[in-house]
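Now for the letters of each chain:
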Amino acid sequence: MHRFPFPLRFSIPGILLLFGSVLGLVSFQREVSQSFSRTETSIRQQAEFSASQTATLLEYLYRTAQGKGADLAIAQIAPAPNLRLALLCDENERVLLSTRFDLQNRLISNTLAASSLSAIKEVQQTQSKQVIFSDARQTLKAIYPVFLGASPGEILPSRVGVLLLEYDLSSLKAQAYNDALERSLTYSVALAVLCSILWFFFYKTLNLRVAKLVATSNSLAQGNLEVRANLKGSDELSQISIAFDRMAEEVQKNTETLRQNEELKQALHKLKQTQAQLIHAEKMSSLGQLVAGVAHEINNPVNFIHGNLLYVNDYTQDLLSLVHLYQQHYPNPVREIVEQTQEMDWEFLADDLPKMLGSMKVGSERIRQIVLSLRNFARHDESELKKVDIHEGIDSTLLILQHRLNGERDSPSIEIIKDYGNLPKIECYAGQLNQVFMNIINNSIDALSESTGNEKGQILIRTSINESDWVVVAIADNGSGMNQEIQQRIFDPFFTTKPVGKGTGLGLSISYQLVVEKHNGQLKCISDPGEGAQFIIEIPVRQKSREAGKMGE
């Protein structure tokens, strides 16, 4: 066996430094490439989402309101980060709206967007979107077609405009480059420090290798499984040390197998919880925006209709009274009037018109209640702890689920029994608590739909407050229930007893996290096969948290 030609105290640090330098350079190039790729992917997704949403909104405004409010839609996306320019041009390539006022009413060819003219024409002709990068990949352009309505005399809309969103990537890529450089420098410095430590270690301990090997053997014999000799080199002592270390590693590996398996299980469980939270956050954000937007758009026309129905009813009564007066004072009208009244069935019309107006009033009031329930359920503007009446949240949830409670094709209607206690307003995240009610009641409806018994489905909702100043909400159904094995796993992420494609196994898991972690409460399930299931939610009236402390101040 040949000796190593250079002293170990110099050769090993030199090799490590060389390896670290090469690895640092490769790592830096890889980090820069990945950072640029992530940046481009992120800004492309942002551009596609903003362009799609804005194009859809503009088409709606031009079709229903002749473009009123379109300037607000363009102005709404103007503050978007890294957005350099946003404009809407008509079928003649004239700028209708823009985030830059000096570009409006000008031809595209006479603006700073002239380089995109060919792409704009192609989008108008093919009526398909384009998302393109510049040659240097420093600029991203999202070009989407927008139907501006029909020309005079046309039935179908034929005017095709174009929405152009242009994003500047230079600052983002510069930041990504700096971040990659910083990480690579940090890694290189860490390698340099490590090499220096190793050099010092080998220099100081070269003459103590034999003593160290003996001490290591004695320590292993006494039960210290983590001890290692770690002697470097190519001589006989190094070979003995390597064989000894391998033996010690195998012993330690076999001893730590059970502990490592348990740690892996815990890590997997935490990963599933984190994934479920991310899915829930994204879903609730999109759902809250959608529900709030729909409620706002419906609310204004419904209020207009509901407010004018009272006047329409009064005017109708006045007209009917006037006709009755004519009939009293002129009992023998001319023949033409008699024929007209018979043709229009005057008696039926006079009797049915007030009833029709009454039905319209009831319908408009119903729509207003639904809109209010949607707004109460979404509570998109409440991201902090607030004092709310949870009965309103439960009632809003029930109203939203009314279509399922009334029964569908293959399932009968479900009876809701409310037993509300006298509760104070509680401090909570209203939107998240409404989602808990939605998940649990939906789960009860599914259980009742799958139940094979002849008994009518019932859901009992009981609220109360206990002696510890905690609010208790119990939601029970008379379905088929569940066994103990299912109860032990019912709050686990991705666990579901529903068929593939019908359930995700996230609803109850997310509900448990929202109650326990967000509201410092408890969520329990009590059930026996054939006896139905009962979910009990317990949350404190006042939250002992930083946000609750701020609210009290």
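This section reports on the structure supplied with the text. Numbering of residues starts from 1 in each chain and follows the order in which that chain's sequence is written. Given that the model is predicted, a residue must reach a pLDDT of at least 70 before its local features are reported, and side-chain atom pairs must reach 80 or more before they are shown or counted; all residues, however, enter totals for whole chains, interfaces and linings. The side-chain values count all of the structure's non-hydrogen atoms but skip hydrogen atoms and water molecules.

### Some points on the nonpolar core
Inference 1: Grouped together as the largest cluster of nonpolar side chains are 39 residues, with contacts concentrated most on Ile426, Ile440, Ile459, Val471, Val473, Ile475 and Ile537.
Inference 2: Among the elements of the structure, α9 (390–400), β8 (426–428), α11 (430–450), β9 (458–465), β10 (470–477), α13 (507–518), β11 (522–527) and β12 (533–540) are those that each provide at least two residues to this core.
Inference 3: Contact between two residues is taken to exist if any of their heavy atoms lie within 4.5 Å; hydrogens are not considered. Excluding its chain neighbours within four sequence positions, the residues that come into contact with Ile537 are Val436, Phe437, Ile440, Val471, Val472, Val473, Val515, Gln522 and Leu523.
Inference 4: Residues Ile43, Leu58, Tyr144 and Leu169 belong to the second largest nonpolar core, which totals 25 residues. The set of buried Ala, Val, Leu, Ile, Met, Phe, Trp, Tyr and Cys residues whose side-chain atoms join them within 4.5 Å is what this entry labels a nonpolar core. Note on exposure labels: buried denotes an accessible area under 20% of the residue type's maximum, exposed denotes more than 50%, and partly exposed covers the range between, all computed with a 1.4 Å probe on protein chains only. Going along the chain from the N terminus, every DSSP run of H or I of four or more residues is numbered as a helix, and every run of E of two or more is numbered as a strand.

### Some details on unusual backbone geometry
Inference 1: Notably, Asn82 is not glycine yet its phi reads approximately 65 degrees, a positive angle.
Inference 2: Within the secondary structure, Asn82 sits in the loop between α2 (70–77) and β1 (83–89).
Inference 3: Of note in this structure, Glu93 is not a glycine but carries a positive phi near 65 degrees.
Inference 4: The residue Glu93 is located in the loop between β1 and β2 (95–98) in this model.

### Remarks on the sheet that holds β9
Inference 1: An order of β7-β9-β10-β12-β11 is seen for the five strands of this open sheet, with the pairing classed as mixed. Because the sheet does not close on itself, it has two edges, and the strands there are β7 (415–419) and β11. When the angles between neighbouring strand axes are averaged without regard to direction, this sheet yields 15 degrees.
Inference 2: Its contacts with the sheet put α13 on β11 and β12, and the angle it makes with β11 is roughly 135 degrees. In this analysis, strands are considered paired if DSSP registers two or more bridges between them. Axis angles are defined between N-to-C directions and span 0 to 180 degrees, where every axis is a line fitted to C-alpha atoms and, for a helix, only to the segment in contact.

### Side note on the packing of α9 against α11
Inference 1: One way to put it is that α9 packs onto α11 with a least axis distance of 9 Å and a crossing angle of 45 degrees. In terms of axis orientation, α9 runs oblique to α11. Note on packing geometry: the crossing formed by α9 with α11 is right-handed. Across from Ile390, Gly393, Ile394, Thr397, Leu398 and Ile400 in α9, the residues of α11 making contact are Leu433, Asn434, Phe437, Met438 and Ile441. Comment on the angle field: the value is read as roughly parallel under 35 degrees, roughly antiparallel over 145, roughly perpendicular from 65 to 115, and oblique elsewhere. The handedness criterion is simple: a crossing whose near helix is rotated anticlockwise from the far helix by less than a right angle is left-handed, and one whose near helix is rotated clockwise is right-handed.

### Observations regarding α13
Inference 1: Between its first and last C-alpha atoms α13 spans 15 Å; for 12 residues at 1.5 Å apiece the expected length is 16 Å, and the two agree.
Inference 2: Regarding α13, the residues found buried are Leu508, Ser509, Ile510, Ser511, Gln513, Leu514 and Val515.
Inference 3: Downstream of α13 by one or two residues, Asn520 has phi in the positive range, about 55 degrees. Expected helix span is taken as 1.5 Å per residue step, with the number of steps being one fewer than the number of residues.

### What to know about empty space enclosed by the protein
Inference 1: Lining residues are those with an atom within 4 Å of a point, where the points come from a 1 Å grid over the protein atoms alone and group into cavities, where a 1.4 Å probe fits but cannot get out, or pockets, open sets with protein on both sides within 12 Å along at least five of seven lines. Grid points are joined across faces, edges and corners, and a volume is the space filled by probe spheres set on the points. Per the counting criterion, the structure on display carries two cavities of 30 Å³ or more.
Inference 2: If you trace the second largest cavity, you find 10 residues lining it, with Val388, Asp389, Ile390, Ala430 and Asn434 closest to the centre.
Inference 3: Sorting the residues of the lining of the second largest cavity by element identifies α9 and α11 as the ones contributing at least two each.
Inference 4: Top contributing element to the lining of the second largest cavity by residue count: α11, with four residues.
Inference 5: Partitioned by chemical class, the residues of the lining of the second largest cavity number six nonpolar, two polar and two charged. Charged means Asp, Glu, Lys or Arg here, nonpolar means Ala, Val, Leu, Ile, Met, Phe, Trp, Tyr, Cys or Pro, and polar covers whatever is left, Gly included.

### Overview of the packing of aromatic side chains
In this description, an aromatic ring pair is defined by two values, namely the gap between the centres and the angle between the planes.
Inference 1: Any pair of Phe, Tyr and Trp rings, taking the six-membered ring for Trp, is counted once the centres come within 6.5 Å. Such a pair is stacked with planes under 30 degrees apart, edge-to-face with planes over 60 apart, and tilted for the rest. Per the stated rule, a full pass over the model turns up one aromatic pair.
Inference 2: Geometry around Phe133 places Arg137 over its ring, the cationic atom sitting 4.3 Å from the centre.
Inference 3: Cation placement over rings: the criterion is NZ of Lys or CZ of Arg within 6 Å of the ring centroid and within 35° of the ring normal. Its guanidinium or amino end placed over the ring of Phe36, Lys173 lies 5.4 Å from that ring's centre, counting from NZ or CZ.

### Some details on the packing of α11 against α13
Inference 1: α13 packs onto α11 with a crossing angle of 145 degrees between their chain directions and a minimal axis gap of 9 Å. Seen along the crossing, α11 lies across α13 with a hand that is left-handed. On the side of α11, the interface is formed by Gln432, Val436, Asn439, Ile440 and Asn443, while α13 contributes Gly507, Leu508, Ser511, Leu514, Val515 and Lys518.
Inference 2: Classifying every residue of the contact of α11 with α13 by side-chain character gives five nonpolar, five polar and one charged.

### Section: the pairing of β11
Inference 1: Burial of β11 is one-sided: the residues Leu523, Cys525 and Ser527 facing one way are buried, the residues Gln522, Lys524 and Ile526 facing the other way are not.
Inference 2: Alignment of β11 against β12, held across six bridges, turns out to be antiparallel. Paired with Gln522 across the bridge in β12 is Glu538.
Inference 3: A loop of five residues connects β11 with β12, the two strands running antiparallel in sequence, and Gly530 in this loop sits at a positive phi of about 80 degrees.

### Here's the deal with the side chain of Glu166
Inference 1: With respect to the secondary-structure elements, Glu166 resides in strand β5 (residues 159–168).
Inference 2: With residues up to four places along the chain from it excluded, the contact list for Glu166 reads Asn82, Leu83, Arg84, Leu85, Thr139, Leu140 and Lys141.

### Things to note about the sheet that holds β2
Inference 1: Spatial strand order, β2-β1-β5-β4-β3: five strands in an open sheet with antiparallel pairing. Two strands in the sheet have a free side with no partner beyond their single neighbour: β2 and β3 (130–133). Here the average twist between neighbouring strands, direction ignored, is 20 degrees.
Inference 2: Both β1 and β5 contribute to a ladder of six bridges, which runs antiparallel. The residue of β5 that forms the bridge with Cys89 is Val162.

### Quick word on a nonpolar patch on the surface
Inference 1: In this scheme, patches are assembled from residues that exceed 30% relative accessible area and form no salt bridge. Like charges are connected within 9 Å, while nonpolar side chains (Val, Leu, Ile, Met, Phe, Trp, Tyr) are connected within 5 Å. Only the protein chains shown count as cover for residues, and the accessible areas themselves come from Shrake-Rupley with a 1.4 Å probe. We define a salt bridge as a side-chain nitrogen of Lys or Arg found within 4 Å of a carboxyl oxygen belonging to Asp or Glu. A cluster of nonpolar side chains, namely Leu322, Leu325, Tyr326 and Tyr330, defines an oily patch on the protein surface of about 460 Å² accessible area.
Inference 2: Summarising the element assignment, Tyr326 is placed in helix α6 (residues 236–329).

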